Amino acid sequence: YSCNDTAQNWGTNNVSFFIDSTYPVWSNNKTAPETLVVYNPNANYRFNITYTDNLGLDYVNFTFNSVVYQTIMGGLIINTTNNVTDLSAGDYTYNWIGCDDLVNCNTTNDMTYTVQKANTTSWLFINNNRANLNITYGNIISLYSNTTNLTVTIYVNGVNYTNNFSGLIGVGYYNVTTINAGNVNYTSSSETYWLNVTQKGTQIVMTAKGTRGNVVA
C-alpha cells in the first residue's frame, strides 16, 4: 500500500493477506450400537465424529431427528460424542456440520439410524396344553394365554373371551386364537388351536319281558 502527507511525502509498504478457504475435514463417524438395532426400553445410543481444521475449529453441530446438539470448542481437532436415549422403533435422520473460525463449514450427508421393533411371542393353553382339544360337552374347559411383552386377548370364533376362562362351552367346533396386537415398538404375535366340543352320549334303559338292558345312543 502507499500513502502521502500534505507535503506530498510518499511512503510505501507491502502487506500480505492470507485467505483461509480450507474446509474442516471429518472422520471416525461412528454409532454405538450400529444401526438396525432392536428396540430396548431406555437404551442409550452414542453418535461420534471427529473434525479437524488447519487453523482452528469454532463448533460442531449434531442434528438428530431435527433436534440440534451443539459442541463449541476451540482447537484444531474436535472429537465429539452425543448421546440419545430411549428411541422408539423407527427411522431417524441425522447429520453433522463442523465450522472453523472463518465459517468454512463441512456437512456430512444425511444418514439414517434405524431402530427395529422387538419381537413378541404368544402362547395359548387349552386345558393346560398347547394343542388342539376334543372334549365332550359338560366337561370344564380352561383357556389361558401369555406373551413376552404387552398383553394378549383370546378369541373364540372371533368373540373376545376372558383370559384365564374356566367353564362350559357349547357343542361345536371352535377356532381359539390368542393375539398380541403389538405397537410401535413391538411386533404382533398369535397362536391358534382348535377346540371340538361334542355332544354327550345319552343312556336309555329298556326292559323287555322282565329283562333289563342298556342301550347307548
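Here goes a summary of the coordinates provided. Note that residues are indexed from 1 along each chain, following the sequence as it is written. Given that the model is predicted, a residue must reach a pLDDT of at least 70 before its local features are reported, and side-chain atom pairs must reach 80 or more before they are shown or counted; all residues, however, enter totals for whole chains, interfaces and linings. To obtain the side-chain values, all non-hydrogen atoms of the structure were used and water was disregarded.

**Describing the sheet that holds strand β19 (residues 189-198)**
Logical step 1: If DSSP finds at least two bridges between two strands, the strands pair. A run of H or I in DSSP becomes a helix once it reaches four residues, and a run of E becomes a strand once it reaches two; helices and strands are each numbered from the N terminus. The strand order across the open sheet built from five strands is β13-β19-β18-β15-β16, with neighbouring strands paired in mixed fashion. The open sheet terminates on both sides in strands that have one partner only, identified here as β13 (133-136) and β16 (159-161). Shown here is a sheet whose adjacent strand axes are inclined to one another by a mean of 30°, direction ignored.
Logical step 2: Relative to β19, strand β18 (residues 172-180) runs antiparallel, the two sharing nine bridges. Paired with Asn175 across the bridge in β19 is Trp194. Here an angle of 0 to 180 degrees is reported between the N-to-C directions of two axes, which are lines fitted to C-alpha atoms, with helices fitted over the stretch in contact.

**Quick notes on the sheet that holds strand β8 (residues 77-85)**
Logical step 1: One open sheet holds the three strands; their spatial order is β3-β5-β8, and the pairing between them is antiparallel. What marks the edges here is a single partner per strand, and that holds for β3 (25-32) and β8. Strand-to-strand twist across the sheet, computed as the mean angle between neighbouring axes with direction ignored, equals 15°.
Logical step 2: Pairing of strand β5 (residues 44-52) with β8, which is carried by nine bridges, proceeds in the antiparallel orientation. Opposite Asn48, over in β8, you have Thr81 as the bridge partner.

**So, the side chain of Thr50**
Logical step 1: Within the secondary structure, Thr50 is located in strand β5.
Logical step 2: The class for Thr50 is buried, based on a relative accessible area of 7%.
Logical step 3: Nitrogen and oxygen atoms within 3.5 Å of one another constitute a polar contact, given that in protein one can donate a hydrogen and the other can accept it, and given that sequence-neighbouring residues count only through two side-chain atoms. A polar atom in the side chain of Thr50 sits 2.5 Å from the side chain of Asn79.
Logical step 4: Those residues in contact with Thr50 that sit more than four places away from it in its chain are Val25, Trp26, Ser27, Asn28, Ile77, Ile78 and Asn79. Buried residues are those whose accessible area, probed at 1.4 Å on protein chains only, stays under 20% of the maximum for their type, while exposed residues exceed 50% and partly exposed ones sit between those limits. Note on definitions: a residue-residue contact is assigned when non-hydrogen atoms from the two residues lie within 4.5 Å.

**Focus on the environment of Thr153**
Logical step 1: Of note, Thr153 is situated in strand β15 (residues 153-156).
Logical step 2: When its relative accessible area of 24% is taken as the criterion, Thr153 is described as partly exposed.
Logical step 3: Sequence separation between Thr153 and Thr177 is 24 residues, and the spatial gap between their C-alpha atoms is 8.2 Å.
Logical step 4: Ignoring anything within four residues of it in the chain, the contact list for Thr153 reads Asn160, Thr177, Thr178 and Ile179.

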